[in-house]
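Examining the three-dimensional arrangement
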Amino acid sequence: MIYTEISHNKQKTALLITFFLVLIIALGWVFSQYFQSPVLLPVAVGFSVFMSLGSYFYSDKIVLAMSRAKEINRTDDPELFRSVENLAIAAGLPTPKIYLIDDTAPNAFATGRDPKHAVVCITTGLRSKLTKPELEGVMAHELSHVGNYDIRLTTIIVVLVGVVTLLSDWMLRATFFGGRRRSNDNGGQIGAIMMIAGLVLAILSPIAATLIQLAISRKREYLADASGALLTRYPEGLASALKKIATDQEPLEAANKATAHLYIVNPFKSGLSGRQAMSGLARLFDTHPPIQERIKRLEQMNIGG
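We now turn to the structure provided with this report. (Residues numbered from 1 in each chain as written. Predicted model: local features only at pLDDT ≥ 70, side-chain atom pairs only at ≥ 80, totals over all residues. Heavy atoms only, no water.)

1. A closer look at the overall build of the protein chain
Helix and strand counts for the protein chain come out as 10 helices and 4 strands. For the protein chain, with 305 residues in total, the buried portion stands at 50%. Accessible area of the protein chain: about 14,500 Å², with a carbon and sulfur share of 62%. (Helix = DSSP H or I, 4+ residues; strand = E, 2+ residues; numbered from the N terminus. Buried < 20%, exposed > 50% of the residue type's maximum accessible area, 1.4 Å probe, protein only. Areas by Shrake-Rupley, 256 points an atom, 1.4 Å probe, with all protein chains shown as cover.)

So this is what it looks like as structure tokens:
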């Protein structure tokens with residue numbers, strides 16, 4: 001099961017990068033036609049290739065910088081290091097680097113392009129508010145993301161979604177503020193069609209990218225919960241940690257919309273309980289599955305021996 005998920009995640013990563021390459025190139029082609037500037041297409045191709053490679057090799061560093069996370073050493077927190085080290089050995093993984101976010105809101109995430117370059121990151125609030133079994137449950141959850149190669153997929157999404165959103169915004173602005181004159185000069189129906197196509201593509205691109213981001217994140221959380229519980233042989237630890245995190249309504253200041261899906265729970269905290277009563281359309285834009293459902297599944301797990 002786990003090896004199947006790892007294989008699927010690697011395939012999804014390749015497909016995702018290809019999708020974003022095609023999307024950015026399509027944006028470049030449409031607007032090169034609309035603005036009658038052929039140079040925009042090779043620029044879009046070069047930019048998309050550059051950003052895809054950059055997101056693969058440096059997305060973890062970008063995410064850590066965005067989150068204002070600082071690496072800590074064994075001497076800073078020996079107990080935490082021993083816990084992560086023991087769980088990594090049990091999972092058959094290299095021990096990841098550990099980063100800390102100075103924020104009292106309890107939360108955590110994992111990042112990196114593969115297990116050899118993995119990072120687990122926790123907030124000072126999480127470290128101080130959880131018991132040892134609860135902390136081990138959270139760390140096992142994050143290490144499951146590492147072992148399943150979720151970290152590569154979800155971290156790359158942060159950069160690529162941001163790139164598509166910025167490009168779409170720029171192209172919309174260029175259309176409204178710089179494109180009308182050229183359209184009037186050209187006249188005819190072709191210019192109007194290209195303008196409409198460009199606007200539709202620029203508007204829908206970030207929405208499609210965000211939906212992909214959220215759908216992948218929700219599914220991964222359920223699997224990481226189950227894998228983490230199997231790793232510790234104590235699902236009650238993670239369930240208790242999720243309850244404690246859910247009751248803490250302090251939003252995480254270091255989080256933003258681009259990185260929200262990486263965290264173990266919604267870092268904005270505004271809808272952890274209230275969203276359960278919302279419509280299916282509203283839940284479509286949730287970064288995480290309902291936390292009460294996650295807790296219920298963990299409590300129903302029966303791990304023998």
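2. Brief notes about helix α10 (residues 291–300)
Within the span of α10, buried status applies to Ile291, Arg294, Ile295 and Leu298. Projection of α10 onto a plane perpendicular to its axis shows the buried side chains occupying an angular sector of 95 degrees, all on one side. (Arc of directions from axis to C-beta.)

3. A look at the nonpolar core
Buried together is how nonpolar side chains tend to be arranged in soluble globular proteins. Grouped together as the largest cluster of nonpolar side chains are 36 residues, with contacts concentrated most on Leu80, Ile98, Leu126, Val138, Met139, Leu242 and Ile264. The set of elements that each furnish at least two residues to this core consists of α3 (78–91), β3 (108–111), β4 (119–123), α5 (132–147), α7 (188–232), α8 (235–247) and α10. Ranked by size, the runner-up nonpolar core spans 15 residues in total, among them Leu64, Ala105, Phe109 and Leu252. (Core = buried A, V, L, I, M, F, W, Y, C linked by side-chain atoms within 4.5 Å.)

4. A few points about the packing of α3 against α5
Interhelical geometry of α3 versus α5 gives an angle of 50 degrees and a closest axis separation of 10 Å. With respect to each other, α3 and α5 are oriented oblique. With respect to the hand of their crossing, α3 and α5 are arranged in right-handed fashion. Taken together, the residues of α5 that come into contact with α3 (itself represented by Glu79, Leu80, Ser83, Val84, Leu87 and Ala88) are Lys132, Leu135, Glu136, Met139, Ala140 and Leu143. For the contact of α3 with α5, the residue count by class is 8 nonpolar, 1 polar and 3 charged. (Axes fitted to C-alpha atoms, helices over the stretch in contact; angles between N-to-C directions. Parallel < 35°, antiparallel > 145°, perpendicular 65-115°, else oblique. Left-handed = near helix turned anticlockwise from the far one by under 90°. Contact = heavy atoms within 4.5 Å. Nonpolar A, V, L, I, M, F, W, Y, C, P; charged D, E, K, R; others polar.)

5. Concerning the pairing of β3
Of the two faces of β3, both are covered, the one formed by Ala108 and Ala110 as well as the one formed by Phe109 and Thr111. Here 4 bridges tie β3 to β4, and the two strands are oriented antiparallel to one another. Bridged to Phe109 within β4 is Cys121. (Pairing = 2+ DSSP bridges.)

6. Let's talk about the sheet that holds β3
Spatial strand order, β1-β2-β4-β3: 4 strands in an open sheet with mixed pairing. Here the strands that pair on one side only, and so sit at the sheet edges, are β1 (69–71) and β3. The mean angle between the axes of side-by-side strands here comes to 30 degrees, regardless of whether they run parallel or antiparallel. In the packing of α5 onto the sheet, the strands contacted are β3 and β4, and the crossing angle to β3 comes to about 25 degrees.

7. Thoughts on α8
Because each turn of an α-helix spans 3.6 residues, side chains separated by three or four positions end up pointing in the same direction. When the terminal C-alpha atoms of α8 are compared, their 19 Å separation across 13 residues agrees well with the 18 Å that a helix rising 1.5 Å per residue should span. Three or more residues of α8 are buried, namely Pro235, Gly237, Leu238, Ala239, Ala241, Leu242, Ile245 and Ala246. (Expected span 1.5 Å × (residues − 1).)

8. Considering the environment of Lys129
Relative to the assigned elements, Lys129 resides in helix α4 (residues 124–129). When neighbours within four sequence positions are excluded, Lys129 is seen to be in contact with Thr104, Pro106, Glu134, Lys244, Asp248 and Glu250. Here the side chain of Lys129 touches Thr104 through a polar contact of 2.9 Å, landing on its backbone oxygen. (Polar contact = N/O pair within 3.5 Å; in protein donor to acceptor, adjacent residues only side chain to side chain.)

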